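Geometric and topological summary
In case you want the letters, here they are:
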Amino acid sequence: MKLILLGAPGAGKGTQATRLAEHYSIPHISTGDIFRANLKAETPLGLKAKEYMDKGLLVPDELTVDLVMDRIAQEDCVNGYILDGFPRTLNQAAALDEKVAIDAAVDVEVPDEDIVKRMAGRRVCPSCGEPYHTEWKVPKKEGICDRCGAELIIRKDDEPETVLKRLTVYHDQTQPLIDHYGKQDKLVAVDGTLSVEEVTNAIIAKLEA
Ligand SMILES: [Zn+2]
């Protein structure tokens, strides 16, 4: 099963990726991990990517595609894989189409208002880094870290204005990909507002239909 996973930041994409990887016994591959692994091992591709990153430039699509191709050529990918964070552009999607036939692009759909609400409940301990949530992981004493007693804070990234800005960027970037895979009849859209388990089951049911 060769999958691409789409979903806004805060839509629960990472959780679903882990669950699907387990269900299908295939690796969950995030572009961030590929970059980190290649930089650490100082591979030729990693060193090339580093040149761009050191100059503060974006790594070109061709190089990103080469890094992904190199990763999915590895032995653990013989039965498939889940790509997370790739493709990000139509260019990358077209390059991927030339090399492999993916089975589906899964889109975990959550309305922007819901994502803003989810993010707005997040709190973090500035001292030990422990994450909390006003609904799902409430500290014993309001606003205070259970582990170290420090006062919890809201990260700038979780403030509604920041979240909305990131969502706008996400939609601008992702809509062309959704259209692209829709045209190929490979788009599997699921309601991401359901429970974690229901979302996984809905994805699997659609993939197997
Ligand atoms: Zn703490």
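Heads up: these notes are all about the structure in this document. (Residues numbered from 1 in each chain as written. Predicted model: local features only at pLDDT ≥ 70, side-chain atom pairs only at ≥ 80, totals over all residues.)

1. Section: the overall build of the protein chain
The number of helices and strands found in the protein chain is 8 helices and 7 strands. By principal-axis analysis of the C-alpha atoms, the protein chain measures approximately 55 × 45 × 30 Å. Each of the 209 residues in the protein chain was classed as buried or not, and the buried ones make up 26%. Relative to all contacts within the protein chain whose residues are 6 or more apart in sequence, the contacts with residues 24 or more apart total 66%. (Helix = DSSP H or I, 4+ residues; strand = E, 2+ residues; numbered from the N terminus. Buried ≥ 20, exposed ≤ 12 C-beta atoms within 10 Å, placed from the backbone. Contact = placed C-beta atoms within 7 Å.)

2. Examining the environment of V199
Relative to the elements of secondary structure, V199 occurs in helix α8 (residues 196-208). In this structure V199 comes out as buried when scored by C-beta crowding, with 25 C-beta atoms within 10 Å. For the pair formed by V199 and L164, sequence separation is 35 residues and the distance between their alpha carbons is 23 Å. In this structure V199 touches G12, Q16, V108, V190, G192 and L194, once residues within four positions along its chain are discounted.

3. Examining the environment of N201
Here N201 is to be found in helix α8. For N201 and V190, which are 11 residues apart along the polypeptide, the C-alpha to C-alpha distance reads 9.9 Å.

4. A closer look at α8
For α8, built from 13 residues, the straight-helix expectation of 18 Å at 1.5 Å per residue is met to within 8% by its first-to-last C-alpha distance of 19 Å. Looking at the buried positions of α8, the neighbouring elements they touch are α1 (13-24), β4 (104-109) and β7 (187-191). (Expected span 1.5 Å × (residues − 1).)

5. Concerning the sheet that holds β7
Reading across from one edge, β2-β3-β1-β4-β7 is the order of the 5 strands in this open sheet, with parallel pairing throughout. Every other strand in the sheet has two partners, leaving β2 (28-30) and β7 as the edge strands with one partner each. In this sheet, adjacent strand axes meet at a mean angle of 25 degrees when their direction is disregarded. With 4 bridges joining them, strand β1 (residues 2-7) and strand β3 (residues 81-84) adopt parallel strand pairing. Considered in β3, the bridge of I4 is made with L83. (Pairing = 2+ DSSP bridges. Axes fitted to C-alpha atoms, helices over the stretch in contact; angles between N-to-C directions.)

6. Some thoughts on the packing of helix α4 (residues 61-72) against helix α5 (residues 90-99)
Each packed pair of helices is defined by two parameters, the angle between the axes and the distance between the axes. One can describe the packing of α4 onto α5 by two numbers: an axis separation of 10 Å at closest approach and a directional angle of 40 degrees. On the basis of the axis angle, α4 is oblique to α5. With respect to the hand of their crossing, α4 and α5 are arranged in right-handed fashion. In this structure, α4 contributes D61, T64, V65 and M69 to the contact, and α5 contributes N91, Q92, A95, L96 and K99. (Parallel < 35°, antiparallel > 145°, perpendicular 65-115°, else oblique. Left-handed = near helix turned anticlockwise from the far one by under 90°.)

7. Focus: the pairing of β7
Along β7, the buried face is formed by V188 and V190; none of L187, A189 and D191, which line the opposite face, is buried. Two elements, β4 and β7, share 5 bridges in a ladder whose sense is parallel. Each bridged residue has a counterpart across the sheet, and for V108 the counterpart in β7 is V190.

8. Thoughts on unusual backbone geometry
In this structure, P87 follows F86 across a cis peptide bond, with omega equal to -10 degrees. In this structure, P87 sits in the loop between β3 and α5. Phi at E42 is positive, roughly 50 degrees, even though this residue is not glycine. Position of E42 among the secondary structure elements: in the loop between α2 (31-40) and α3 (44-54).

9. With respect to the packing of α3 against α4
Put simply, α3 and α4 touch, their axes get as near as 10 Å, and they point 155 degrees apart. Between α3 and α4, the interaxial angle falls into the category roughly antiparallel. The hand of the α3/α4 crossing is left-handed. On α4, the residues touching L45, K48 and A49 of α3 are L63, D66, L67 and D70. Residue classes in the contact of α3 with α4 are distributed as 4 nonpolar, no polar and 3 charged. (Nonpolar A, V, L, I, M, F, W, Y, C, P; charged D, E, K, R; others polar.)

Note that all results are geometric; they support no functional claim without further evidence.
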